[in-house]
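# Examining the three-dimensional arrangement
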Amino acid sequence: MQQFTYKALGDIKSTNPQPIRNEAGEQVQLLERVYDNGLKRLLDGYFDYRYFLKYRVTNNDGAPIFEAKKIFRRGKVWFEGKDFVSNETYRINYENWRIGLPELFVSGPNLKMKIDKEMEDWSNFIVEDEIIARWKASYDEASDEFTVMLELAESAPVQNTAFYIAIAQATLFIGV
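Computed from a predicted structure; not experimentally measured.

Right, let's talk about the packing of aromatic side chains for a bit. Scanning all chains against the criterion turns up eight aromatic pairs. Judged by centre distance (5.4 Å) and plane angle (70°), the ring pair of phenylalanine 66 and phenylalanine 163 falls under edge-to-face. Note that phenylalanine 66 is positioned in strand S5 (residues 64–73) and phenylalanine 163 in helix H2 (residues 161–174), a separation of 97 residues in sequence. Residue phenylalanine 66 is classed as buried on the basis of its relative accessible area, which comes to 0%. Residue classification places phenylalanine 163 among the buried positions, given a relative accessible area of 0%.

Attention shifts here to the sheet that holds strand S8 (residues 103–108). With respect to topology, 12 strands assemble into a closed barrel ordered S1-S2-S3-S4-S5-S6-S7-S8-S9-S10-S11-S12, the strand pairing being antiparallel. In this sheet, adjacent strand axes meet at a mean angle of 20° when their direction is disregarded. One ladder, built from five bridges, connects S8 with strand S9 (residues 111–116); its direction is antiparallel. If you follow glycine 108 over to S9, its bridge partner there is leucine 111.

The next point concerns a nonpolar patch on the surface. Together, Leu39, Leu42, Leu43, Tyr46, Phe47, Tyr51, Phe72 and Val77 make up a nonpolar patch on the protein surface, roughly 800 Å² of accessible area in all. Top contributing element to the nonpolar patch by residue count: helix H1 (residues 38–46), with four residues. Its place among the elements puts leucine 43 in helix H1. The partly exposed category is assigned to leucine 43, whose relative accessible area is 34%.

Here the focus is empty space enclosed by the protein. Overall, the coordinates contain one cavity of 30 Å³ or more when judged by the stated rule. Roughly 140 Å³ of internal volume is contained in the largest cavity. Around the largest cavity, the lining comprises 14 residues; the ones closest to its centre are Ala8, Leu9, Gln18, Arg33 and Tyr55. Looking at the lining of the largest cavity, the elements that each hand over two or more residues are strand S1 (2–9), strand S3 (27–34) and H2. For the lining of the largest cavity, the per-class residue count stands at six nonpolar, four polar and four charged.

About the cut-offs
Residues numbered from 1 in each chain as written. Predicted model: local features only at pLDDT ≥ 70, side-chain atom pairs only at ≥ 80, totals over all residues. Heavy atoms only, no water. Phe/Tyr/Trp six-rings, centres within 6.5 Å; stacked < 30°, edge-to-face > 60°. Helix = DSSP H or I, 4+ residues; strand = E, 2+ residues; numbered from the N terminus. Buried < 20%, exposed > 50% of the residue type's maximum accessible area, 1.4 Å probe, protein only. Pairing = 2+ DSSP bridges. Axes fitted to C-alpha atoms, helices over the stretch in contact; angles between N-to-C directions. Patch = residues over 30% accessible without salt bridge, like charges linked within 9 Å, V, L, I, M, F, W, Y side chains within 5 Å. Areas by Shrake-Rupley, 256 points an atom, 1.4 Å probe, with all protein chains shown as cover. Salt bridge = Lys/Arg side-chain N within 4 Å of Asp/Glu carboxyl O. 1 Å grid on protein atoms, 1.4 Å probe; cavity = no way out; pocket = protein on both sides within 12 Å on 5 of 7 lines; lining within 4 Å. Points joined across faces, edges and corners; volume = space filled by probe spheres on them. Nonpolar A, V, L, I, M, F, W, Y, C, P; charged D, E, K, R; others polar.

In structure tokens, the structure reads:
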């Protein structure tokens, strides 16, 4: 499995880009919280900084690779992921919540992926009963930051690390 690490600041108001590093410690991408405009950022402050932001992963030059954002329409909430390289869109939402066992899924072109969401342990990305990636955030109170790890299997149908990082940040950090 390929391994990637980055820091996520405990101060969720921060929009400072955070470097994503590979196993060799080389910076391969950047993760940032972004707002479309200042008004959305101001309004988000009233809602605990969890509604109007986007998580965007960029290359080292700042060009967007993948973005995840929360969507509100007609009383429903879900996430939308946008792959800027392939121009594909993904929907991230809970299914089966009416029967009491909500499950988080990522759906897109030729993809149906389940996320087993865990707050204190590894959250697994599963395709056809196989764990193809996993993500974990460990909080350090002294530095007020999370050390985040992503492990990605060679068998994963999506090999774009930005896909997993943006979706995990959005669904696991800010939730629905």
